[in-house]
Amino acid sequence: MKKREISRRSVLQGSLMASALAGTASYFGPWKENRAWAQGAKPIKLGLTCDASGQYGNSGQDDLRGIQMAIDEANAKGGVLGRKITWITADTETTPATGSRIAERFITREDCTILIGAVHSGVANAITQVAAKNGVIYLNTNSSAPSEAGENCSRIKFVWDGNGTNFSKASVHNAVTSIGKNWMLLTNDYVWGHTTSAATKAQIEAAGGKIIDNLLVPQNTRDFTAYLLKIQQAKPDVVATAIGGDDIKALREQVAQLKLDGKPAWINNQQDWPDVWGAPNSLFGVFGTTWYHKLALPGVAEFVKKWQATNKEGAIPVPGNVSYNGYMATRELLRAIERAGSTNNVKIIKELENLKVSATDRMQHFDAYMDPVTHQMQQTIYLARRNAKPSDSTDLYEIISWTEPKAVADSDAAAKCKLVPYERVPTVDS
C-alpha cells in the first residue's frame, strides 16, 4: 500500500492567504489565524478545532485559552526544534458535521498537520474520522465519552480528559453503599450521555444497586420540568446525571428552584468549570473533575498566575479543568516533538504512546501515563461538592477525594479499541 505524504505549502503562499483573509490574527467569519513567526525556518502549523457556540461554546473557548497558553510558552522559548508554532482556529459549533468540515479544511486547504480540541464527543469522533483518513495527529482535549478511547479510538488520536467510566468508578460504589440502592439516570441523548450512563449503570449494578429509570434528555433542553416531576414521583435514593454544557446549567437552576438539591442525592458525572462559573449558586451534589485551581500542590499557584496574565480580559478569572486539559495536551505534544527530534507523525505518536508524567509536573496527586492500547491519558480523578466555606469568590469546590489512575481505569476500553498498525497510517510531516 502506497503511503500518502502531506507536506506544508510554502510560508510565502500561507502569508498571501493570510493577507487575503484580512491580515495577521484576524477574523474572517468563524476563522482566526495566528501568523506571527520569525523569518527563516518553516513554522509548525496547528489546527485548533474548538467550539465557540452551541451547547459547549463556553467550554470550547476555555479549551482554546489553555491550548494557546502552551503554544505561547513554547514560542517564548524559541519554538520547537527551532521552529515557531502557528495556529488557526474556527468554531466547530458543537456540531459533528461542522467539526468534520473544519477538520477537512484545516488539513487539505490550510496545511495543518496536527489538530487539537474538542468537548462534544460527536464532534471529536467526526474530527477523528477525517484526521485518520489523512494520517494527521489529533488531540481530543476535553471530550469524556468512554467511546472515545474505546470503540472510536484511533492510532492518530489521543484522549486527554477523564471519561465517564473513570468518574463513575470514583463515585458510584460508595454512593450505593452509603446513600441507597434505588437510582435514576438523567442522560443527554447523544453518544457521551449514552456511554457515560451505561458505565454508571454497570457500576451501580455491580455494587448491588438497581436502575428505576433512565430519562433521555435531548441536547439544548432548557425546560426540565417534566423530567424533575418524574424524579419527584419515583423518589429514587440517587439521581446520576450525564448532562453537559449549557444543559447542565439550566438543570441545576431548576433543581435548586424546586428544592430538589437535597433529596434525592445527586451524582453529576463531571462538571466543567465554565459551566459552573456561569451559575455557581446552583451547584449541588457530588461531581467529578480532573483538576482544580485551589489544589494545594506544587506549581498550581504559579500556573494560575501565568494563566491569569495571559487571559486578563476573559470572562472567567481562573483556569479550570477544561483549560487545564487543553494546556496539558498541547504542552505534551510539543515536548513529544522535541523528544522525537522530528515532526513525522508516527515518530510523534510513538513518543506520546510512551508518555509518563510525574504528579508534580501534572499538578495532580498521582503520576499520570498514556495508555498505549487506548490512547487515553490515565490520571488522578477528583470528586468535589459545593464549598460551604470559600476562601474567595472563585473557591467554589470542596475537593472531597482523589483516586489514583489504576483504581478508576476503564478496563472495558482495551477490548473495544482496535488501533491500526503504524504502517497503515499515512505519512505526515510538517
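Fair warning: this is a prediction, and the values are worked out from it, not measured in the lab. (Residues numbered from 1 in each chain as written. Predicted model: local features only at pLDDT ≥ 70, side-chain atom pairs only at ≥ 80, totals over all residues. Heavy atoms only, no water.)

Quick question: what am I supposed to make of the sheet that holds strand S10 (residues 238–242) here?
The strands that make up a sheet are held in pairs by hydrogen bonds between backbone atoms, and each pair lies either parallel or antiparallel. The strand order across the open sheet built from seven strands is S9-S8-S10-S11-S12-S16-S17, with neighbouring strands paired in mixed fashion. The open sheet has two free edges, formed respectively by strand S9 (210–217) and strand S17 (397–403), since each of these has just one partner strand. Each adjacent strand pair in this sheet contributes to an overall mean axis angle of 25°, direction not counted. In the sheet, strand S8 (residues 182–188) pairs with S10 via five bridges, with the strands oriented parallel. Residue Leu 185 lies in a different strand from S10, and its bridge partner there is Ala 240. (Pairing = 2+ DSSP bridges. Helix = DSSP H or I, 4+ residues; strand = E, 2+ residues; numbered from the N terminus. Axes fitted to C-alpha atoms, helices over the stretch in contact; angles between N-to-C directions.)

Any chance you could explain the sheet that holds strand S14 (residues 368–370) here in plain terms?
Pairing in this open sheet of three strands is antiparallel, and the strands run S13-S14-S15 from one edge to the other. Two strands in the sheet have a free side with no partner beyond their single neighbour: strand S13 (356–357) and strand S15 (377–378).

Just to check I follow, could you spell out helix H11 (residues 321–340) for this structure?
Between its terminal C-alpha atoms H11 stretches 28 Å, which fits the 28 Å expected from 20 residues at 1.5 Å a residue. In terms of residue burial, H11 counts as a mostly covered element, since 16 of its 20 residues are buried. In the segment just after H11, Gly 341 is the residue with positive phi, at about 65°. (Expected span 1.5 Å × (residues − 1). Buried < 20%, exposed > 50% of the residue type's maximum accessible area, 1.4 Å probe, protein only.)

Just to check I follow, could you spell out helix H8 (residues 245–257) for this structure?
Think of an α-helix as 3.6 residues a turn; residues three or four steps apart then line up on the same face. Here H8 spans 19 Å end to end across 13 residues, near enough to the 18 Å set by a 1.5 Å rise per residue. In terms of burial, H8 is a largely internal element, ten of the 13 residues being buried. Among the residues of H8, Gly 245, Asp 246, Asp 247, Ile 248, Lys 249, Ala 250, Leu 251, Arg 252, Gln 254 and Val 255 are the ones counted as buried. Of the surrounding secondary structure, the elements contacted by the buried residues of H8 are helix H2 (57–76), S8, helix H7 (225–234), S10, strand S11 (265–268) and helix H9 (273–278). At the C-terminal side of H8, Lys 259 shows a positive phi close to 55°. (Contact = heavy atoms within 4.5 Å.)

What am I meant to see in the packing of aromatic side chains here?
Throughout the structure, instances matching the rule amount to twelve aromatic pairs. Pairing Phe 224 with Tyr 227 gives two aromatic rings, centres 6.0 Å apart and planes at 55°, and the pair type is tilted. What makes Phe 224 buried here is its relative accessible area of 0%. Since its relative accessible area comes to 16%, Tyr 227 is described here as buried. With 5.5 Å between their ring centres and 85° between their planes, Trp 291 and Phe 303 make a pair best called edge-to-face. Here Phe 303 lies in helix H10 (residues 300–310) and Trp 291 lies in the loop between strand S12 (286–289) and H10, a separation of twelve residues in the sequence. Considered together, Trp 291 and Phe 303 belong to a single accessibility category, that of buried residues. Grouped by ring-pair contacts, the aromatic residues Trp 273, Trp 277, Phe 287, Tyr 292 and Tyr 397 constitute a single cluster. The ring centre of Tyr 422 lies 4.3 Å from the NZ or CZ of Arg 155, which sits over that ring. (Phe/Tyr/Trp six-rings, centres within 6.5 Å; stacked < 30°, edge-to-face > 60°. Lys NZ or Arg CZ within 6 Å of the ring centre and 35° of its normal.)

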